[in-house]
Amino acid sequence: MEWEYYTNPSKKQQIDELLQQAASRFANCESTEGARSEARKFEKEILRKIAKIDAYFAERCGCNELY
C-alpha cells in the first residue's frame, strides 16, 4: 500500500488544491438546503478526482461512501 499523497509531491499538490476547492465551496455556501445539496454533490465529484490520484487517501477522506 503506497500513499501517493505522502510520497509524490506533485500528487500532494493536486490533492491539496482539490481539498481547498471543496473547503471553499462549503465555506461560501448559502444556508439553504439546495445550496448545501449542490455543495455535497461537488464534494463527491472532488473525492472521485482525488480517488483517481490516490485511492488510499480518498478512502480516508470518505470516498468509500461513493461506491
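Above this text you will find the structure in question.
How each quantity is defined
- Along every chain, residues carry numbers that run from 1 in the direction the sequence is written.
- Only residues with pLDDT of at least 70 get local features here, since the model is predicted, and only at 80 or more are side-chain atom pairs given and counted; chain-wide, interface and lining totals rely on the full set of residues.
- Values reported for side chains reflect all heavy atoms of the structure, with hydrogen atoms and water molecules removed beforehand.
- Only DSSP runs of H or I with at least four residues qualify as helices, and only runs of E with at least two residues qualify as strands; both kinds are numbered from the N terminus onward.
- Pairs of residues are marked as contacts when any of their non-hydrogen atoms sit within 4.5 Å.
- Here the open area of atoms and residues is found with the Shrake-Rupley method and a 1.4 Å probe, where only the protein chains shown may cover a residue.
- Within this scheme the basic residues Lys and Arg register as positive and the acidic residues Asp and Glu register as negative, but His and the chain ends are omitted.
- Where a charge lies is defined by one atom per residue type: Lys uses NZ, Arg uses CZ, Asp uses CG and Glu uses CD.
- For a helix, the expected span equals 1.5 Å multiplied by the residue count minus one.
- Note on classification: 1.4 Å probe, protein chains only; a residue is buried when its accessible area is under 20% of the maximum for its type, exposed when over 50%, partly exposed between these limits.
- By convention, a stacked pair of Phe, Tyr or Trp rings (six-membered ring in the case of Trp) has centres within 6.5 Å and planes under 30 degrees apart, an edge-to-face pair has planes over 60 apart, and any other such pair is tilted.
- Only Lys NZ and Arg CZ are tested; either one counts as a charge over a ring when it is within 6 Å of the ring centre and within 35 degrees of the ring normal.
- Axis geometry follows a simple rule: fit a line to the C-alpha atoms, using only the stretch in contact for helices, then measure angles between N-to-C directions, giving values from 0 to 180 degrees.
- Under this scheme an angle from 65 to 115 degrees is roughly perpendicular, one under 35 degrees roughly parallel, and one over 145 degrees roughly antiparallel; angles in between are oblique.
- Gly is put with the polar residues, along with every residue not named as nonpolar or charged; the nonpolar set is Ala, Val, Leu, Ile, Met, Phe, Trp, Tyr, Cys and Pro, and the charged set is Asp, Glu, Lys and Arg.

> How should I be thinking about the overall build of the protein in this particular structure?
For the protein, the helix and strand inventory stands at four helices and zero strands. Along its sequence from the N terminus, the protein presents helices and strands in the succession α-α-α-α. Along the longest, intermediate and shortest principal axes, the C-alpha atoms of the protein span 40 × 25 × 15 Å. Taking contacts inside the protein between residues at least 6 apart in sequence as the whole, the part at least 24 apart equals 47%. About 4900 Å² of surface is accessible on the protein, with carbon and sulfur atoms providing 46% of the total. Of note, the protein has its 11 positive side-chain charges centred 4 Å away from the centre of its 12 negative side-chain charges.

> Hey, could you run me through helix α3 (residues 33–53) in this one?
Note that an α-helix has 3.6 residues per turn; residues three or four places apart therefore point the same way. With 21 residues, α3 should reach 30 Å at 1.5 Å per residue; the first-to-last C-alpha distance of 30 Å fits that figure. Of the positions making up α3, those classed as buried are Ala-39, Phe-42, Ile-46, Leu-47, Ile-50, Ala-51 and Ile-53.

> Even after reading the chapter, I still don't get the packing of aromatic side chains, so can you show me in this structure?
Aromatic ring pairs: the centre-centre distance and the angle between the two ring planes describe each pair. Under the definition given, this model contains three aromatic pairs. Centroid distance Trp-3 to Tyr-6: 5.6 Å. Interplanar angle 40°. Geometry classified as tilted. Relative accessible area serves as the criterion here: at 58%, Tyr-6 is assigned to the exposed category. The interplanar angle of 20° and the centroid separation of 4.3 Å between the aromatic rings of Tyr-5 and Phe-57 together place this pair among those described as stacked. Here Phe-57 lies in helix α4 (residues 55–61) and Tyr-5 lies in helix α1 (residues 4–7), a separation of 52 residues in the sequence. Like Phe-57, Tyr-5 is buried. A connected cluster of aromatic rings, assembled from ring pairs, spans Trp-3, Tyr-5, Tyr-6 and Phe-57. One cation-aromatic arrangement involves Arg-25 over Phe-42; the distance from NZ or CZ to the ring centre is 4.0 Å.

> Would you explain the packing of helix α2 (residues 9–27) against α3 in this entry?
Two quantities define a packed helix pair, namely the angle between the helix axes and the distance between the axes. As a packed pair, α2 and α3 sit with axes 9 Å apart at the nearest point and diverge in direction by 175°. One element, α2, and the other, α3, form an angle in the roughly antiparallel class. Contacts from Lys-11, Gln-14, Ile-15, Leu-18, Leu-19, Gln-21, Ala-22, Arg-25 and Phe-26 of α2 reach α3 at Glu-38, Ala-39, Arg-40, Phe-42, Glu-43, Ile-46, Lys-49, Ile-50 and Ile-53. Taken together, the residues of the contact of α2 with α3 sort by class into ten nonpolar, two polar and six charged.

Note that every value here comes from positions in space, so none of it alone points to a role or purpose.
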